[in-house]
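# Per-entry structural report
Read off the chains here:
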Amino acid sequence: MTNPDLKTLPEMVLVDDEPVFNEPWEAQAFAMVIDLHQKGAFTWTEWANALSTQIHGSETRDYYQHWLHALESLVAEKQLTSTEALLNKKAQWHEAASKTPHGEPIEL
Amino acid sequence: MLMHSHDDDDHSHMTDIEARVRALESLLSEKGYIDSAAVDNIVQTYEKKIGPQNGAQVVAKAWTDEAYNAWLREDATAAIHSLGYTSRQGEHMVAVFNSTDTHHLIVCTLCSCYPWSVLGLPPTWYKSPPYRSRAVIEPRAVLAEFGLEIPTSKKIEVHDSTAEIRYLVIPERPKNTDSLGESELAQLVTRNSMIGTAVIDPVEPAS
């Protein structure tokens with residue numbers, strides 16, 4: 001399994017060559033991109049461009065929020081899924097969480 | 001006896017960002033574009049800055065420094081933050097101390113309800129529906145499956161984490177470790193021992 005060159009990413013924060021995560025979802029979003037890339041869903045250059053587009057866009061966001069937006073737009077562009085399907089699925093997760101008493105597993 | 005710290009009218013919470021990440025994860029794995037085990041592996045490979053080594057430092061300090069131990073019991077959030085392990089979500093930390101008569105175990109319904117500033121990201125089994133439901137109902141049987149037999153004379157307390165409160169188990173210090181320093185002790189502390197699904201292996205007496 002080849003690891004992509006993280007240094008090619010715009011504004012990537014690395015300490016000792018490792019990315020720095022502040023919250024679990026950031027690591028999760030990061031890892032999904034690496035897995036998709038390693039399974040051939042997109043090239044590393046395509047990913048760097050998608051991320052760059054977000055970072056250099058008009059919105060001010062934290063780095064991994066840009067990362068998540070870039071991932072959502074690239075999977076839609078590659079037709080792995082659609083923006084509409086993502087919104088629907090997100091609503092389902094919110095609904096499932098709100099209906100789930102604490103102590104029981106959240107399932108869709 | 002089972003004591004279950006549980007708030008009955010508390011339903012599960014999910015932030016908008018967590019829901020978006022979950023939506024991506026479930027859609028992409030349903031279609032086979034990613035697989036959850038591979039994603040977990042990648043996280044573990046890359047994540048060096050936050051992980052169980054942080055919690056191990058807290059445990060080793062609690063074992064060797066009485067004042068720190070007392071502070072941890074009194075105000076775990078501040079005591080843990082003092083070592084530089086902070087989270088931006090601002091949740092409250094509670095340290096629960098294993099003893100000769102009580103064993104502590106932590107569980108939660110959401111993967112986000114995990115003391116990740118001290119333990120990193122949760123292992124896959126921690127997020128699995130069987131663990132999340134059974135740990136509360138039959139903790140002794142669950143622990144047995146982890147290879148941990150708790151004598152019936154010992155009480156098990158199960159702590160259900162919430163978005164606001166995360167628990168850290170402080171395991172018992174193994175015997176024959178009086179000569180070890182804080183950093184050597186920290187190396188004995190495993191992730192599962194801080195969740196409560198393991199205890200720390202006994203140390204052979206120095207010959």
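To start, this report covers the structure provided alongside it. Owing to the predicted nature of the structure, the values given are computational and were not obtained by experimental measurement. (Residues numbered from 1 in each chain as written. Chains lettered and ligands numbered in written order. Predicted model: local features only at pLDDT ≥ 70, side-chain atom pairs only at ≥ 80, totals over all residues. Heavy atoms only, no water.)

## Notes on the overall build of chain A
In terms of helices and strands, chain A carries four helices and two strands. Counted from the first residue to the last, chain A has its helices and strands arranged as β-β-α-α-α-α. In chain A, buried positions account for 50% of the 108 residues. For chain A, the accessible surface area stands at approximately 5,300 Å², while carbon and sulfur atoms represent 47% of it. (Helix = DSSP H or I, 4+ residues; strand = E, 2+ residues; numbered from the N terminus. Buried < 20%, exposed > 50% of the residue type's maximum accessible area, 1.4 Å probe, protein only. Areas by Shrake-Rupley, 256 points an atom, 1.4 Å probe, with all protein chains shown as cover.)

## Concerning the interface of chain B and chain A
By a frequent convention, interface size equals the accessible area lost on bringing the separate parts together. The partner chain A presents 50 residues to the 49 residues of chain B that form the contact. A combined buried area of about 4,600 Å² lies between chain B and chain A, and 65% of that area is made up of carbon and sulfur atoms. On the surface where chain B and chain A come into contact, there are four salt bridges. For the salt bridge of E30 of chain B with K89 of chain A, the shortest nitrogen-to-oxygen distance reads 2.9 Å. Linking chain B with chain A are eleven residue pairs in polar contact (both at pLDDT 80 or more), by the criterion used here. Those elements that place two or more of their residues in the side of chain B that touches chain A are α1 (16-30), α2 (36-46) and α8 (129-137) of chain B. In terms of residue count, the dominant contributor to the side of chain B that touches chain A is α1 of chain B (13 residues). Partitioned by chemical class, the residues of the side of chain B that touches chain A number 22 nonpolar, eleven polar and 16 charged. (Contact = heavy atoms within 4.5 Å. Buried area = accessible area lost by both parts, 1.4 Å probe. Salt bridge = Lys/Arg side-chain N within 4 Å of Asp/Glu carboxyl O. Polar contact = N/O pair within 3.5 Å; in protein donor to acceptor, adjacent residues only side chain to side chain. Nonpolar A, V, L, I, M, F, W, Y, C, P; charged D, E, K, R; others polar.)

## Section: α1 of chain B
In an α-helix, one full turn covers 3.6 residues, which means residues spaced three or four apart are oriented alike. Between its terminal C-alpha atoms α1 of chain B stretches 21 Å, which fits the 21 Å expected from 15 residues at 1.5 Å a residue. Of all the 15 residues making up α1 of chain B, twelve are buried; the element is thus mostly covered by neighbouring parts of the structure. The complete set of buried residues in α1 of chain B reads I17, E18, A19, R20, V21, R22, A23, L24, E25, S26, L27 and L28 of chain B. Buried residues belonging to α1 of chain B abut α1 (24-38), α3 (63-77) and α4 (83-99) of chain A together with α2 of chain B. Backbone geometry just after α1 of chain B places G32 of chain B at a positive phi near 80°. (Expected span 1.5 Å × (residues − 1).)

## Thoughts on the packing of helix α3 (residues 52-64) of chain B against helix α4 (residues 66-74) of chain B
All names here are of chain B. Put simply, α3 and α4 touch, their axes get as near as 5 Å, and they point 120° apart. On the basis of the axis angle, α3 is oblique to α4. α3 and α4 meet at a crossing whose hand is left-handed. The segment α3 lies against α4, with V58, K61, A62 and T64 engaging E66, Y68, N69 and L72. Broken down by class, the residue content of the contact of α3 with α4 amounts to four nonpolar, two polar and two charged. (Axes fitted to C-alpha atoms, helices over the stretch in contact; angles between N-to-C directions. Parallel < 35°, antiparallel > 145°, perpendicular 65-115°, else oblique. Left-handed = near helix turned anticlockwise from the far one by under 90°.)

Nothing here speaks to function; it is all geometry.
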